[in-house]
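Below, each chain spelled out in residue letters.
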Amino acid sequence: MHGFQLSRTLFWAVIAFLALLAFRPWIEGWLIEHQAAPRPVTARGDLAADERSTIAIFDAVSPSVVFITTTEELVNPWTRDPNAVRRGTGSGFVWDGQRHIVTNWHVVADASAAWVRLADQRNFRAELIGKSPAHDLAVLRISGAWQAPEPVPVGRSADLQVGQKVFAIGNPFGFDYSLTAGVVSALDRTIYNERSGEIRGLIQTDAAINPGNSGGPLIDSAGRLIGINTAIFSTSGTFSGIGFAVPVDTINRVVPQLIARGRYVRPRIGITADDAVSKPILRQLGVEGVLVLGVGPGSPAAMAGLIETRVSPAGEILPGDVIQRLDGQAVTEMVELIEILEGYQVGDRVTLSLWRDGRPLEVAIHLGGESLRWD
């Protein structure tokens, strides 16, 4: 009898065990369902100092960044009715309290209309009032009365150093008011733009810049404008770690002219030069610099008495002046002379160090600017 009870007990124990195995998923699910609850939040403490700084920069600058949409007017070939078609998007920023917006020229080029959306989501029609394709810069003016956000504080790019922190704010792929961070990767870069040709003196950064970022501000760690994001180097069309920005010193020099005149007038001295023609002559003379091939009538160079290259009746080349320095900065080719002149304003007084008939000579000259013929 005792053995029978033991066997029955074992039998029901086995049945209970098997039942437990069979119902285990349901039991576990019931327990999980009744025990599930949000986990307690772990306090993080204060934000790191650099995080607080980044947040403060974005909060201060982002209200001055705008989202630009351009349209192009196309004519329906069947009905001959004009239709406005969205052409592209980009970024820009408030320049002053006079409703001026600075952006890249390639953002608004060939557009029939441009619309500016502010951080508070207000939309305004904008008018193109000035452009400088050589610098990939353009200025829009918003129509209508409105309270302009505070302009972005302006810094300097001449004293930038590789390794400085920078921040890019813009509207990549239409995602408005996006912030990316990086460093100044290199300075004085030159790129080729299909619309603007060669653009020199650019800032290189690894802060992510994508389509739609063009025209947005590049900001330093003090929250100041140090450049305008203009291009990326990529084989895929998206960011690959190399972006470029027009330096703020260029912006601060060009934009006032675009607002005042609608175009940028390059400082000039009034000479013609051609390195391909000059190099053989300069090698024979044993000197380096820019050989003056021609002097424009009435130009600053003419008023300063610069001598152009001539050909004698016997066919002999009589070399003119050779410009070797401008305000102490060495010049070896025409592109260098043009680049140095970019740092000056029309009317500035500069000193040219010349080579003339085997002798050094210094000449003071006031820069002109209206003629398009002379450099």
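Residues numbered from 1 in each chain as written. Predicted model: local features only at pLDDT ≥ 70, side-chain atom pairs only at ≥ 80, totals over all residues. Heavy atoms only, no water.

> It is not clear to me how the overall build of the protein should be interpreted in this structure. Could you clarify?
When helices and strands are counted, the protein shows 7 helices and 21 strands. Expressed as a percentage of the 375 residues in the protein, the buried residues total 41%. Here the analysis covers contacts within the protein between residues at least 6 apart in sequence; of these, 60% occur between residues at least 24 apart. In the structure as shown, the protein presents an accessible area of about 20400 Å², 55% of it carried by carbon and sulfur atoms. (Helix = DSSP H or I, 4+ residues; strand = E, 2+ residues; numbered from the N terminus. Buried < 20%, exposed > 50% of the residue type's maximum accessible area, 1.4 Å probe, protein only. Contact = heavy atoms within 4.5 Å. Areas by Shrake-Rupley, 256 points an atom, 1.4 Å probe, with all protein chains shown as cover.)

> I would appreciate a short explanation of the layout of surface pockets in the present structure.
Empty space among the atoms can be located by rolling a probe the size of a water molecule over them. In this structure, the largest pocket encloses a volume near 780 Å³. Every residue lining the largest pocket is counted, 29 residues in all, and those nearest its centre are Arg-200, Gly-201, Thr-250, Glu-339 and Glu-342. Elements represented by at least two residues in the lining of the largest pocket include exactly strand E8 (178-193), strand E9 (197-205), strand E12 (243-247), helix H4 (248-261) and helix H7 (334-341). It is E9 that contributes the most residues to the lining of the largest pocket, 6 residues altogether. Looking at side-chain class alone, the lining of the largest pocket contains 13 nonpolar, 8 polar and 8 charged residues. (1 Å grid on protein atoms, 1.4 Å probe; cavity = no way out; pocket = protein on both sides within 12 Å on 5 of 7 lines; lining within 4 Å. Points joined across faces, edges and corners; volume = space filled by probe spheres on them. Nonpolar A, V, L, I, M, F, W, Y, C, P; charged D, E, K, R; others polar.)

> Can you help me understand the pattern of salt bridges in this one?
A side chain with one charge may pair with a side chain of the opposite charge, provided their charged atoms come close. Taken as a whole and judged by the stated rule, the model has 7 salt bridges. Ionic pairing is found between Asp-120 and Arg-122, a salt bridge with its closest N-O pair at 2.8 Å. Among the residues examined, Asp-120 registers a relative accessible area of 46% and is labelled partly exposed. Linking Asp-321 and Arg-356 is a salt bridge whose minimum nitrogen-to-oxygen distance equals 2.6 Å. In this pair, Asp-321 is assigned in the loop between strand E17 (317-318) and strand E18 (322-326) and Arg-356 in strand E20 (residues 349-356), connecting sequence segments 35 residues apart. Both residues of the pair, Asp-321 and Arg-356, belong to the buried class. A network of salt bridges, in which partner residues are shared, links Arg-253, Arg-266 and Glu-342. (Salt bridge = Lys/Arg side-chain N within 4 Å of Asp/Glu carboxyl O.)

> Got a minute to help me understand the environment of Ala-60 in this structure?
Tracing the chain through its elements places Ala-60 in helix H2 (residues 49-61). With 90 residues separating them in the primary sequence, Ala-60 and Glu-150 have C-alpha atoms 9.0 Å apart.

> Help me understand helix H5 (residues 275-285), please; the structure alone is not making it clear to me.
Considered for burial, the residues of H5 that qualify are Ser-278, Ile-281 and Leu-282. Looking straight down H5, one finds that the buried residues subtend no more than 100° of arc, so they occupy a single side. The exposed residues of H5 that point more than 90 degrees off its buried face are Ala-276, Arg-283 and Gln-284. Its buried side turned inward, H5 meets strand E14 (290-291), E17 and E18. With a side-chain oxygen positioned 2.9 Å from the backbone nitrogen of Ala-276, the residue opening H5 is Asp-274. (Arc of directions from axis to C-beta. Polar contact = N/O pair within 3.5 Å; in protein donor to acceptor, adjacent residues only side chain to side chain.)

> What exactly am I supposed to notice about the environment of Leu-354 here?
Within the fold, Leu-354 resides in strand E20. Sequence separation between Leu-354 and Arg-325 is 29 residues; the distance between their C-alpha atoms is 7.2 Å. Those residues within four positions of Leu-354 in sequence are excluded, and the remaining contacts are Leu-306, Asp-321, Val-322, Ile-323, Gln-324, Arg-359, Pro-360, Leu-361 and Val-363.

> Any chance you could explain the nonpolar core here in plain terms?
Within soluble globular proteins, side chains that are nonpolar generally end up buried alongside one another. Membership of the largest hydrophobic core comes to 28 residues, with the highest contact counts inside it found for Val-61, Phe-93, Trp-95, Val-102, Ile-228 and Ile-251. The element that contributes the greatest number of residues to this core is H4, accounting for 5 residues. Discounting residues that sit within four places of it in the chain, Ile-251 has contacts with Trp-95, Leu-137, Gly-227, Ile-228, Val-246 and Pro-256. (Core = buried A, V, L, I, M, F, W, Y, C linked by side-chain atoms within 4.5 Å.)

> Hey, could you run me through a nonpolar patch on the surface in this one?
Taken together, the side chains of Phe-11, Trp-12, Val-14, Ile-15, Phe-17, Leu-18 and Leu-21 present a nonpolar region at the surface, about 710 Å² in accessible area. Overall, the relative accessible area of 46% leaves Val-14 in the partly exposed class. (Patch = residues over 30% accessible without salt bridge, like charges linked within 9 Å, V, L, I, M, F, W, Y side chains within 5 Å.)

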